Each structure stands twice: as structure tokens, then as C-alpha cells.
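# A look at the structure
The primary structure of each chain is shown beneath.
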Amino acid sequence: MANKFQSIETKHYAEREAFFEGLKKLDRRAFMRVAGISAGIVAGMGKLTPNSFQLVNVAEAQGEKPKFSFAYISDTHLYENKLNDRFVRAILKAVDDVNALDPQPDFVLFGGDLAQLGQAGELKLGAQILKSVKAPIKMMVGEHDWFLDMGELWRDLFGAPNYSFDHKGVHFVVLNSIHEKDFWTERKLSPMERMKIVAGLDNGIQSRFEVGAEQRQWLQNDLAKVAKNTPLIVFSHSPLYKYYKPWNFWTDDADEVQALLKPYEKVTVIHGHTHQLLSNRIGNISFHGMLSTAWPWPYAPEGLPTLTVPMNRADPFSQFDGCGDGRMDVLESGLVDKLYNLWQRDPITVRASYLGSSGKQAAPPKPKLPTY
């Protein structure tokens, strides 16, 4: 089964391994030439050392002071430390980042995919590491956390996968947007076989993600208690729009969820899953994608939201390039300025005014190199 349905991730790592195998065959002069090219690419991206995202005044150009801020860490894809400590080092770096913020954020959102294959050792390791975050943590589930045991351990560790809360005049909703139609029972798949298929994203067996009718009804009931002029911020792991179906950068019932959000004056959706800078605006809803600490996905060959200013191509010699964490500043208007703390690059801010003006104001800097 694994040979028949090869995931994007598998292809990505196969290409990376082939590249480094090729390097072993270079003589010293050829290797130095390749390394020099790589160094030039990194220099072209900006400073060689990471810049702190504390140094950016994200509200200045907007003309509004932030009402409050929250930070995020997302898509860590942890293996157990004895198997692979690379991603462990990355989440530890992200925790250090958010703990160093001064002032501290009101809370930290974890954006899903804490684990790689939903195993107890992976989830418990992530839960233990996140205990060292100073600010309160709000957890959101991803498909890599869910489909081994259908969320049983997640609920034990973190509670309900969908919930809402109010904070300083803003209503927050956390959705479980990674439900799928049952493809495993009829095929008599084991839990791990199911998990690996879902983790692959791009095979022909699984369905697309969805919030689902039951949870949409829960959302409708939840929002019925909220005034239409109350700012809404919604967290979902998969994007609540339709980006690229072959890779499951997609939520099948996104249109139905958007219809529930449409009556509200100010709505922002923050999503994970895609591991890249993404900016979208549909009607009154602003969408921001989150960075991963594990690896950057390439942009899809079609369907990229038009307001997205893509990232530069990631440097294959750097584990952390194209990865990062970030912060959201909730402005007095209830809209959100989104700051991407890109490790080993200058931070990038996507402002509420950029999305609200359909890209006519406060545009983020364009990439200097080809996107990935």
C-alpha cells in the first residue's frame, strides 16, 4: 500500500535524499561551487542570522494599537526523540521564541499536527514540551494527531477537539476541520494503515477533509449567542476554503462554514496544515495560514489565493529555513495583523489593512528569489 500511494512528504524527502547522495559524488572543487551558490542564495534572502520578531511594530502602519496579542506554534510533526530528534529541536526553538516575547502574549495557539503518526509517545512528548510555555496554551487538533485512534488520546490529553471562548471582547472558535468519510472499515484497514493513508494527503483512497454536519450545527448554535458586531476569530487546522484538492489543502464543506460566518462584521480565520505563508480574503472573512516548525510545503501548482505573497524558496542546506512560528496582534477594530517569525529570515507582517483593501494597501515584501 505504501508503494502504491506515495505522499507529497515521501516525494519531498526522496528528492532531498537523492540531492545529498549526489553531493557525495562531487569532488572538492565542485562541492565548494555548489556550497557557494547556496550561501549566495541565503545572503540574498536577507540576514544570515535569525531576526527576533519582537522588533517589528505590527500596528504602526495600520494606525491602530493592538488590543492584545497571541502567539502560535504549529505543525511540529513530532517523532519520539529516540527515532528523530530534528523536529524536537524545532519545537524547543519555537517554545523559546514565544517565551522570550516581552510583553508575553495573552495565550499561545497550538495549530495542530503535534505528532507525526498519532502515537502515544509522540503526543505525550509534545504535551510535555508544551508545558514549558509560559503563557496559557489553546490546543487545536490536526489529522496527524487524530486518525490512529480517532482522537481518543487527544481528548485525554487536551480535552474536546472543538470549543469556543471569549477574550477581551473577541469570540474565539476552535474547530476540528479534519474529519473524513470512512474509507477504512470496508477495506479492513488497521489503525496504523488508516493513519498512514491520511498522513499521505495525496492518495486516492481518503476523502477530503470536512468540518461535518454535526460540528456545523454546533457552530451555528454557538454563534447564535454572539452579537453580529462581535469580532470573530476562528481556528481550523485545514484551510476553511478550497485551495488545492489533490494535496488535500482543502475542506469540502468550507462554503457551508463560511456561510455561518458571513453575517458577522469582522471575521478572521487562522489555519495550519499548509506549512506556508497564505493570505486570502473571501467576502468579509480574512484567512491567514500558519508556518510549520517541521518543514515548509511547496506552494501548489494552482489555486493559490491571489492575496498571497509567496515565500522565497527554502534553502535545502538549512533545517530551519522556511519554518517558524509567529504572533497575531488583535487590533482595537477586532481585525488581526499577522506576523510570521521566519527563522533565519526577516519577519514578515501581513496586515489587516492589506487583506481589507484587497491588496491595495500595506503589501508585504515580494520574494527576491523563486518561490518553492
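Here the structure is a predicted model, which is why all the values come from computation and not from measurement.

Strand order in this open sheet of 6 strands is β4-β5-β6-β9-β11-β10, and the pairing throughout is mixed. Across the chains shown, the open sheet's two edge strands, defined by having one partner strand only, are β4 (163-167) and β10 (279-282). Neighbouring strand axes in the sheet, compared pairwise and without regard to direction, differ in orientation by 20 degrees on average. Where helix α8 (residues 213-223) meets the sheet, its contacts fall on β4, β5 (170-174) and β6 (232-236), and the angle it forms with β5 comes to roughly 170 degrees. Strand contacts of helix α9 (residues 254-261): β6, β9 (267-271), β10 and β11 (285-289), with the helix running at about 130 degrees to β11, the strand carrying the most contacts.

Next up on the list: the packing of aromatic side chains. Two aromatic rings are characterised by how far apart their centres lie and by the angle between their planes. For the structure on display, the rule yields 20 aromatic pairs. Ring geometry for Tyr241 against Phe287: centres 5.1 Å apart, planes inclined by 75 degrees, an arrangement best described as edge-to-face. Of the two residues, Tyr241 sits in the loop between β6 and β7 (242-244) while Phe287 sits in strand β11, which places them 46 residues apart along the sequence. Seen from their ring centres, Trp247 and Phe249 are 5.6 Å apart, and the 80 degrees between their planes marks the pair as edge-to-face. Both residues of the pair, Trp247 and Phe249, count as buried. Members of the aromatic cluster, connected to one another through ring pairs, are Phe68, Phe70, Phe107, Tyr163, Phe165, Phe172 and Phe235. Positioned above the aromatic ring of Phe320, the side-chain terminus of Lys93 is 5.5 Å from the ring centre. Lying over the aromatic face of Trp343, Lys93 brings its terminal NZ or CZ to 5.1 Å of the ring centre.

Strand order in the open sheet made by the 6 strands is β3-β2-β1-β12-β13-β14, with mixed pairing throughout. Because the sheet does not close on itself, it has two edges, and the strands there are β3 (137-139) and β14 (348-350). Adjacent strand axes in the sheet meet at a mean angle of 25 degrees, parallel and antiparallel pairs treated alike. As judged from the 3 bridges shared by strand β13 (residues 336-342) and β14, these two strands associate in the antiparallel manner. When the bridges of β14 are listed, Leu339 appears paired with Thr349. Of the strands in this sheet, β1 (66-73), β2 (107-110), β12 (324-331) and β13 are in contact with helix α3 (residues 86-99), which crosses β1 at around 165 degrees.

In total, this model carries 8 salt bridges according to the counting rule given. For Asp255, the salt bridge goes to Lys242, with nearest N and O atoms at 3.6 Å. Linking Asp255 in helix α9 with Lys242 in strand β7, this pair joins segments that are 13 residues apart in sequence. What makes Asp255 partly exposed here is its relative accessible area of 44%.

Calculation notes
- Residues numbered from 1 in each chain as written.
- Predicted model: local features only at pLDDT ≥ 70, side-chain atom pairs only at ≥ 80, totals over all residues.
- Heavy atoms only, no water.
- Pairing = 2+ DSSP bridges.
- Helix = DSSP H or I, 4+ residues; strand = E, 2+ residues; numbered from the N terminus.
- Axes fitted to C-alpha atoms, helices over the stretch in contact; angles between N-to-C directions.
- Contact = heavy atoms within 4.5 Å.
- Phe/Tyr/Trp six-rings, centres within 6.5 Å; stacked < 30°, edge-to-face > 60°.
- Buried < 20%, exposed > 50% of the residue type's maximum accessible area, 1.4 Å probe, protein only.
- Lys NZ or Arg CZ within 6 Å of the ring centre and 35° of its normal.
- Salt bridge = Lys/Arg side-chain N within 4 Å of Asp/Glu carboxyl O.

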